[in-house]
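Structural overview
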Amino acid sequence: MVLFGPRSAGGDGFEVTKFGHGRVALIGFPSVGKSTLLTMLTGTHSEAASYEFTTLTCIPGIIHYNDTKIQLLDLPGIIEGASEGKGRGRQVIAVSKSSDIVLMILDASKSDGHRQILTKELEAVGLRLNKRPPRIYFKKKKVGGFSFNSTLPLTHVDEKLCYQILHEYKIHNAEVLFREDATVDDLIDVIEGNRKYMKCIYVYNKIDVIGIDDVDKLARQPNSVVISCNLKLNFDRLLAKMWEEMGLVRVYTKPQGQQPDFTDPVVLSTRRVLG
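The name given to the protein in an unreviewed UniProt entry is OBG-type G domain-containing protein, and the organism recorded there is Salix koriyanagi.

1. Regarding helix H5 (residues 184-192)
By the burial criterion, the buried members of H5 are Leu187, Asp189, Val190 and Ile191. Packed against the buried residues of H5 are strand S5 (127-129), strand S6 (136-140), helix H4 (159-168), strand S8 (174-178) and strand S9 (196-205). Looking one or two residues beyond H5, the residue adopting positive phi is Gly193, at roughly 70°.

2. Focus: a nonpolar patch on the surface
The grouping of Val249, Val251, Val266 and Leu268 at the surface amounts to a nonpolar patch, some 280 Å² of accessible area in total. Looking at the secondary structure, you find Val249 in strand S11 (residues 248-251).

3. Describing the sheet that holds S8
The mixed open sheet is built from three strands, whose spatial order is S6-S8-S7. The open sheet is flanked by S6 and strand S7 (146-150), the only strands paired with a single partner. On average, each strand axis in the sheet is tilted by 5° relative to the strand beside it, whichever way the strands run. By the bridge criterion, five bridges tie S7 to S8 in an arrangement that is parallel.

Quick notes on the rules
- Residues numbered from 1 in each chain as written.
- Predicted model: local features only at pLDDT ≥ 70, side-chain atom pairs only at ≥ 80, totals over all residues.
- Heavy atoms only, no water.
- Buried < 20%, exposed > 50% of the residue type's maximum accessible area, 1.4 Å probe, protein only.
- Helix = DSSP H or I, 4+ residues; strand = E, 2+ residues; numbered from the N terminus.
- Contact = heavy atoms within 4.5 Å.
- Patch = residues over 30% accessible without salt bridge, like charges linked within 9 Å, V, L, I, M, F, W, Y side chains within 5 Å.
- Areas by Shrake-Rupley, 256 points an atom, 1.4 Å probe, with all protein chains shown as cover.
- Salt bridge = Lys/Arg side-chain N within 4 Å of Asp/Glu carboxyl O.
- Pairing = 2+ DSSP bridges.
- Axes fitted to C-alpha atoms, helices over the stretch in contact; angles between N-to-C directions.

Shown next, in the form of C-alpha cells:
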C-alpha cells in the first residue's frame with residue numbers, strides 16, 4: 001500500500017506521504033540503476049531505460065524485511081548544479097532530507113568524481129552525510145556581550161576569529177563553548193542551525209563490468225556496499241546494511257498467559273546522533 005501526499009503547487013505530485021517503519025531515499029546521477037534497484041527490492045515498477053532522465057518524479061515502493069515495512073523512494077537523477085535548482089535538484093534534495101537514511105547509487109565503472117559531486121551538492125543545501133553534529137555549545141543572548149571558552153586546545157578557531165564570524169551574522173551577544181577541535185565550517189553549521197546530519201550508504205552498482213580487484217577495493221571503503229542489479233548480486237548485504245544503519249528493533253508482544261505474537265511486532269528505532 002502506497003499513500004500519495006498532497007500535490008505541489010505545480011500539480012506534479014512529487015511529494016510522497018511517509019509510510020511504514022522507515023524511509024530510504026535513492027539518489028544518484030541519471031542511469032546508474034536506481035529504478036532497477038527499486039523494482040527488484042520492492043516489486044514496484046519504475047521506468048528504466050538506457051537513456052538518462054527516465055524517472056521524472058518520485059516513485060515510492062515498500063520493502064518487506066524482517067517483519068517491517070521500509071519505504072524506498074526512487075528520485076530523479078541529480079546533476080551538477082542541483083543545489084541551485086537544476087534538473088529538479090531542489091525537490092529531490094528536499095525529499096532526501098525527509099528520509100531516515102540515503103542510498104547514494106554510484107556506477108562502479110566510472111570515476112569516484114560522481115560521489116564527490118553528489119556530496120558537494122547535498123552539502124550545499126545543508127545535508128551532512130555520515131557526520132555527527134559538532135560538539136560546540138552556542139547560545140544567543142539578549143545582553144551580556146560575547147563569551148568564548150573551550151575545553152581543549154584549538155588549532156582551527158580562536159576567540160578573535162569566532163568573534164569576527166559572529167559579527168558577520170550580526171550576533172553581538174552570545175556564549176560559545178568548544179568541546180572539540182572544530183573547524184570554521186563546523187562553527188558556521190552550528191550558527192546556521194539548519195543542518196541535517198544523515199547516514200548515507202554508498203551503493204556501487206554494475207560491479208559485473210569491472211575487475212575483482214576493483215570490486216574488492218570499493219567493498220572495503222567505509223559505509224559502502226557493492227551490488228549488481230544485472231546479476232542480482234549482494235542484495236542481502238545491502239538490506240542488512242540498511243537495517244543496521246536505520247537502527248530498527250522488533251519487539252514482539254506477549255499477552256499474559258498466551259504465546260508471543262511473532263506475526264506483528266512493534267518496531268522501534270534506536271537511532272542516535274552519529275558518533
